[in-house]
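What follows is the residue order along each chain.
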Amino acid sequence: MQLIYFSAVPWASFRQRPHEFAQWAHERVGAKVLWVEPYPVRLPVLADLSRPAVTSAQMPTPAWLQLVAPRALPVEPLAAGRWLNRALFWQPVVDSVREFAQRDAHTVLVVGKPSDLALHAMNALQGAKCFYDAMDEFPAFHHGAARRTSEEIESAIVQQCSACSTSSTYLATKLRGRNPNVLLVPNGLASDRMPAAQTDASADAAFGYVGTIGPWFDWAWVAQLASAWPERRIEIHGPLYRKPPAALPANINLHPALPHDKAMEKMTRFAAGLIPFLRTQLTESVDPVKYYEYRALGLPVISTPFGEMRTRDRDPRVVLTDKPAVERARIEQLLDTHDAAESVTAFRAANDWSVRFEPMAALLTDT
């Protein structure tokens, strides 16, 4: 079979749900994949000039995957802009999609991010089986006209799809209002690429966070945690898109992004993993991959109660709190316990991407 995948992230970026899905589809059902790279779907803003540069991952292109990189002007929120992109740039992409689909009658189109190009391709492949895999509340990334356009395009895609899958309960509830066939497929981890877990006393006293510091990052929560534990370092690793609003406690240390393997190694030395996200419409839909990575490394997790994390309030290795300073006793008790090697192995097995995506196998193979 074949898979046409409109990705939310570039192939040459650190591995996320889209990469894992494409790899799983190839290994599970032998799919050859046409990966369509994302393009700007909002108007440019002045802040784009000061965004930190992110180094692309060295991702080799496997023999079973073909890349297509659309050209587009960043004018999608405008009706005239969408017409212009279709007229000037997208016909070669649609031709590539059609040509790829003609190689095998069993071709499935999967949309990983709502875009006018994805909708245009769906309409061009009349009769093709289409799915939408939502890993974020994509319209919430935008404002004004861009947000309205994203909502309209996403709604049109969902209504035309045979089925949808989502990474969070919030997204599943939202999409079921437009398509009754929605699967909840939470995020997971690649257990075969994880380093050895920490199952004894940590070699490092630091609380740590590894990931993007975006508009959703709760600096006030981190500062409160640092003030409540002045004897511990707070290590923050990642690209800085949201600067701290004021002077930070001296025990907070900021570091640039790390390659994924180095990030995993750094995490193994944390005393606890942090997920300090604000509660917004955007984070309401988030099932953070870092939760699975922290737990698969034997780390306890200290998090704000946002999105899918709220479903983990009974996990004995998780503390959810808006006010970490008042939870010192509970957090210290968490730090005094350690996962057994058997429980870490079981967690990895239960949350591997291969297990996560298995309910979708029938969606890809049924004719």
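All of the points below concern the structure found in this document.

Rules used in this analysis
- Residues numbered from 1 in each chain as written.
- Predicted model: local features only at pLDDT ≥ 70, side-chain atom pairs only at ≥ 80, totals over all residues.
- Heavy atoms only, no water.
- Phe/Tyr/Trp six-rings, centres within 6.5 Å; stacked < 30°, edge-to-face > 60°.
- Helix = DSSP H or I, 4+ residues; strand = E, 2+ residues; numbered from the N terminus.
- Buried < 20%, exposed > 50% of the residue type's maximum accessible area, 1.4 Å probe, protein only.
- Lys NZ or Arg CZ within 6 Å of the ring centre and 35° of its normal.
- Contact = heavy atoms within 4.5 Å.
- Lys, Arg positive; Asp, Glu negative; His and termini not counted.
- Salt bridge = Lys/Arg side-chain N within 4 Å of Asp/Glu carboxyl O.
- Pairing = 2+ DSSP bridges.
- Axes fitted to C-alpha atoms, helices over the stretch in contact; angles between N-to-C directions.
- Right-handed = clockwise from strand over helix to strand, strands pointing away.

Further remarks concern the packing of aromatic side chains. Each aromatic ring pair is described using two quantities: the centre-to-centre distance and the angle formed by the ring planes. Summed over the entire model, instances satisfying the criterion amount to 18 aromatic pairs. Between Phe-21 and Phe-357, the aromatic rings sit 5.3 Å apart at their centres with planes inclined by 85°, giving edge-to-face as the arrangement. Taken together, the residues span a long stretch of sequence, with Phe-21 in helix α1 (residues 17–29) and Phe-357 in helix α12 (residues 353–357) at a distance of 336 residues. The exposure class of Phe-21 is buried, given its relative accessible area of 0%. One aromatic cluster is present, formed by Tyr-5, Trp-11, Phe-21, Trp-24, Trp-35, Trp-353 and Phe-357 through successive ring pairs. Arg-295 extends its terminal NZ or CZ atom over the ring of Phe-347, reaching a point 4.8 Å from the ring centre.

So, on to the environment of Phe-21. Counting along the chain gives 85 residues from Phe-21 to His-106, while the straight-line C-alpha distance between them is 18 Å. When residues no more than four places from it in sequence are discounted, the contact partners of Phe-21 are Leu-3, Tyr-5, Val-110, Phe-357, Met-360 and Leu-364.

The next subject is the side chain of Glu-293. For Glu-293, the position within the fold is in helix α9 (residues 289–296). Buried charge Glu-293 goes without a salt bridge, the closest partner of opposite sign being Lys-290 at 5.9 Å. Those residues in contact with Glu-293 that sit more than four places away from it in its chain are Met-194, His-260, Met-264 and Met-267.

In spatial order, the strands read β10-β9-β8-β11-β12-β13; together these six strands make up an open sheet with parallel pairing. Every interior strand has two partners, whereas the edge strands, β10 (252–255) and β13 (318–320), have only one. In this sheet, neighbouring strand axes are inclined to one another by 20° on average, regardless of whether the strands run parallel or antiparallel. Bridge count for strand β11 (residues 272–275) against strand β12 (residues 301–303) is three bridges, and the pairing is parallel. Looking across to β12, one finds that Ile-275 is bridged to Ser-303. On the sheet, α9 packs against β8 (207–210), β11, β12 and β13 and is oriented at approximately 175° with respect to β11.

Most of strand β5 (residues 129–134) sits inside the fold, with five of its six residues counted as buried. Here four bridges tie strand β4 (residues 107–111) to β5, and the two strands are oriented parallel to one another. Across the sheet, residue Val-108 finds its bridge partner in β5, namely Lys-129. Where β5 meets strand β6 (residues 163–166), four bridges bridge the pair, whose relative direction is parallel. Looking at β6, one finds that Ala-134 is bridged to Thr-166. With helix α5 (residues 144–160) bridging β5 and its parallel neighbour β6, the resulting β-α-β unit is right-handed.

Nothing here speaks to function; it is geometry throughout.
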